[in-house]
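# Observations on the three-dimensional arrangement
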Amino acid sequence: MPVGEVRLQVIAGGAVLQGPLTTDPWQFQTMCIDAFVASWRARGFSPVTIDNDIGLLERTLTALGRPAWEVTPEDIDRVVGDLAVQGRKTSTRREYVQIFKGFHRFLQARKAVEIEAAFGVRLVCPVDEFNASRHVGDDSPALLPPPTPERVNEFFDFMKQRIATARKYGPAARDYAMFRTLYHAGLRSEEASLLDQPDLHFTRGPFGKLHVRFGKGAHTSGPRPRWVPMLDGLDLVLRWFLQDVRPKFPDSPVLFADESGGNLHRGTIRNRLRYLMELEGRPAAERFSPHALRRACATHNYERGVDLVAIQQLLGHWTVSSTMRYVRPSATFIEDAYQRAVASTLAELTGKDSTA
């Protein structure tokens with residue numbers, strides 16, 4: 001056969017031109033990664049999300065040590081097992097598995113024919129029912145309850161007092177407004193970090209609303225925008241923040257900016273909260289994560305009688321079942337609900353105000 005002439009190879013799904021048999025697998029995988037990242041941009045992922053996920057995907061593929069189409073279930077077991085031995089959190093191990101699943105799904109949809117032609121491998125995802133991580137983190141509602149309303153209020157009181165004495169007023173006041181937003185609006189850290197000043201709409205609805213443009217989507221579907229009301233006085237906190245605090249940072253669209261005017265990374269938000277609780281000096285058992293504030297928002301609203309579907313819409317969950325995993329009522333929730341029901345019934349029967 002003359003040099004440079006291509007051959008045809010019959011494979012399932014139709015005949016295609018067979019590429020050179022000497023195709024370098026690592027170079028081809030790099031091209032696939034670039035195409036995968038391009039698909040994220042096409043779906044509207046934020047630059048912060050893309051940067052984080054590229055790093056995670058590269059770490060995952062490096063740990064696996066072979067091209068994605070050659071990875072076996074045993075390779076997945078090995079990598080996840082090594083992460084567990086290193087003491088990495090359940091949520092971290094799940095992120096490694098999920099990013100690989102997403103990349104492998106992309107290869108199946110876009111590159112399967114090329115991979116089979118060049119490397120003779122038919123793609124089968126190595127993530128199965130035995131090594132797929134469940135969506136239960138080490139700080140999930142199944143294991144740790146969210147902070148109580150009293151505990152949250154104590155923490156915010158500490159932050160208010162700190163504003164008056166902090167060496168830098170701007171960052172201290174920004175942290176207070178930001179963590180109040182995480183709690184009252186039930187936002188994820190990254191959703192809060194990507195808010196811009198024009199996303200605050202104080203005249204929309206009876207309380208004003210936040211436009212969460214980069215809400216988390218399910219199954220790598222891209223951003224899922226939603227409108228979140230500014231409940232429990234959050235509108236007043238954010239008005240104060242815009243008028244008195246935000247001007248102390250460099251001019252930029254970012255709402256909760258760092259000292260250069262850029263977006264705070266979600267890791268920075270977690271570290272800030274950890275630092276503040278260390279300053280507060282409470283026992284380790286009384287400390288919580290930014291995500292725990294989101295679960296506290298769900299739980300406390302549910303305990304106050306807010307409809308579960310309304311909480312689902314507030315948090316941006318696809319299903320009510322996801323919201324239920326966040327709700328962890330207090331130990332006396334049943335008794336409190338019973339007393340409210342009995343008091344309401346007696347009031348109807350007697351015609352008296354049950355609160356009198």
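Residues numbered from 1 in each chain as written. Predicted model: local features only at pLDDT ≥ 70, side-chain atom pairs only at ≥ 80, totals over all residues. Heavy atoms only, no water.

### Some details on the overall build of the protein chain
Short version of the rule: Numbering of helices and strands runs from the N terminus; a helix is a DSSP stretch of H or I covering at least four residues, while a strand is a stretch of E covering at least two. Burial here depends on accessible area, computed with a 1.4 Å probe over protein chains only, as a share of the maximum for the residue type. Under 20% is buried, over 50% is exposed, and the range in between is partly exposed. Here a residue-residue contact requires only that any non-hydrogen atoms of the pair lie within 4.5 Å. In this description, accessible areas are obtained by the Shrake-Rupley approach with a 1.4 Å probe, and a residue is regarded as covered only by the protein chains that are shown.
Looking only at helices and strands, the protein chain features 13 helices and 5 strands. Within the protein chain, the proportion of its 356 residues that are buried is 43%. For the protein chain, the proportion of contacts with a sequence separation of at least 24, taken over those separated by at least 6, is 64%. Surface summary for the protein chain: the accessible area is close to 19,100 Å², and the carbon and sulfur share equals 55%.

### Here we look at the sheet that holds strand E4 (residues 209–212)
The following threshold applies: Between any two strands, at least two bridges found by DSSP are needed for them to pair.
Taken together, 3 strands build an open sheet; the order of strands is E3-E4-E5 and the sheet is antiparallel. Either end of the sheet is taken by a strand with one partner, and the two such strands are strand E3 (200–201) and strand E5 (226–229). Examined bridge by bridge, E4 and E5 share 4 bridges and lie antiparallel to one another. Bridge pairing links Val212 to Arg226 in E5.

### Quick notes on the nonpolar core
Here is the rule: What makes a nonpolar core is a set of buried Ala, Val, Leu, Ile, Met, Phe, Trp, Tyr and Cys residues whose side-chain atoms join them at distances within 4.5 Å.
Membership of the largest hydrophobic core comes to 49 residues, with the highest contact counts inside it found for Phe155, Phe179, Leu187 and Leu210. The greatest single-element share of this core, amounting to 9 residues, is contributed by helix H6 (residues 169–185). Setting aside residues no more than four positions away along its own chain, Phe179 makes contact with Phe156, Met159, Ile269, Arg272, Leu273, Leu276 and Leu293. Of all hydrophobic cores here, the second largest spans 29 residues; its members include Phe36, Val37, Trp69 and Ile115.

### Brief notes about the side chain of Arg226
Here is the rule we go by: Counted as a polar contact is a pair of N or O atoms within 3.5 Å, where, for protein atoms, one must be capable of donating a hydrogen and the other of accepting one, and residues adjacent in sequence contribute only when both atoms are in side chains.
Looking at the element boundaries, Arg226 is found in strand E5. In this structure the side chain of Arg226 is engaged in a polar contact, spanning 2.9 Å, whose partner is the side chain of Glu191. Only 3.1 Å separates the side chain of Arg226 from the backbone oxygen of Leu314, close enough to count as a polar contact.

### Examining the environment of Pro206
Inspection of the secondary structure assignment puts Pro206 in the loop between E3 and E4. Owing to a relative accessible area of 77%, Pro206 belongs among the exposed residues under this scheme. Each C-alpha atom of the pair Pro206 and Leu231 lies 9.6 Å from the other, and the pair is 25 residues apart in sequence.

### Description of the packing of helix H2 (residues 47–64) against helix H4 (residues 90–119)
Here is the rule: Angles here are taken between N-to-C directions and fall from 0 to 180 degrees, while the axes themselves are lines fitted to C-alpha atoms, restricted in helices to the stretch in contact. By definition in this entry, angles of less than 35 degrees are roughly parallel, angles greater than 145 are roughly antiparallel, angles of 65 to 115 are roughly perpendicular, and the rest are oblique. Nonpolar residues are Ala, Val, Leu, Ile, Met, Phe, Trp, Tyr, Cys and Pro. Charged residues are Asp, Glu, Lys and Arg, and all others, Gly as well, are polar.
Following both chains from N to C, one finds H2 and H4 inclined at 90 degrees, their axes separated by 9 Å at the closest point. Classified by the interaxial angle, the pair formed by H2 and H4 is roughly perpendicular. Contacts between H2 and H4 pair Asp53, Leu56, Leu57, Arg59, Thr60, Leu61 and Leu64 from the former with Glu95, Tyr96, Ile99, Phe100 and Phe103 from the latter. Along the lines of polarity and charge, the residues of the contact of H2 with H4 split into 8 nonpolar, 1 polar and 3 charged.

### Quick notes on unusual backbone geometry
Unusually for a residue other than glycine, Asp232 sits at a positive phi of about 55 degrees. Relative to the helices and strands, Asp232 resides in the loop between E5 and helix H8 (234–245). Given a relative accessible area of 42%, Asp232 falls into the partly exposed group.

### Some details on the pattern of salt bridges
Short version of the rule: Basic side-chain nitrogens of Lys or Arg form a salt bridge, by our definition, when they fall within 4 Å of a carboxyl oxygen of Asp or Glu.
One pass over the structure, following the stated rule, counts 18 salt bridges. Residue Lys160 is joined to Asp157 by a salt bridge in which the shortest nitrogen-to-oxygen separation is 3.7 Å. In this pair, Lys160 and Asp157 are both assigned in helix H5 (residues 149–165), 3 residues apart and thus about one turn of the helix distant. We classify Lys160 as partly exposed; its relative accessible area is 44%. A salt bridge links Asp232 to Arg304, with the shortest nitrogen-to-oxygen separation between them at 3.2 Å. You can see Asp232 sitting in the loop between E5 and H8 and its partner Arg304 sitting in the loop between helix H10 (290–303) and helix H11 (308–315), a full 72 residues away along the chain. Classification of Arg304 as exposed rests on a relative accessible area of 54%. The structure contains a network of salt bridges with shared partners spanning Arg151, Glu154, Glu280, Arg282 and Glu286.

### Overview of helix H1 (residues 25–42)
Put simply, the test is: Given the number of residues in a helix, its expected span is that number minus one, multiplied by 1.5 Å.
In this model H1 runs 26 Å from its N-terminal to its C-terminal C-alpha over 18 residues, within 8% of the 26 Å that 1.5 Å per residue would give. Residues of H1 that are buried: Phe28, Gln29, Cys32, Ile33, Phe36, Val37, Ser39 and Trp40. Residues of H1 that are buried sit in contact with H2 and H4. Capping the start of H1 is the job of one residue whose side-chain oxygen sits 3.2 Å from the backbone nitrogen of Trp26: Asp24. Residue Gly44 follows H1 closely and has a positive phi angle near 90 degrees.

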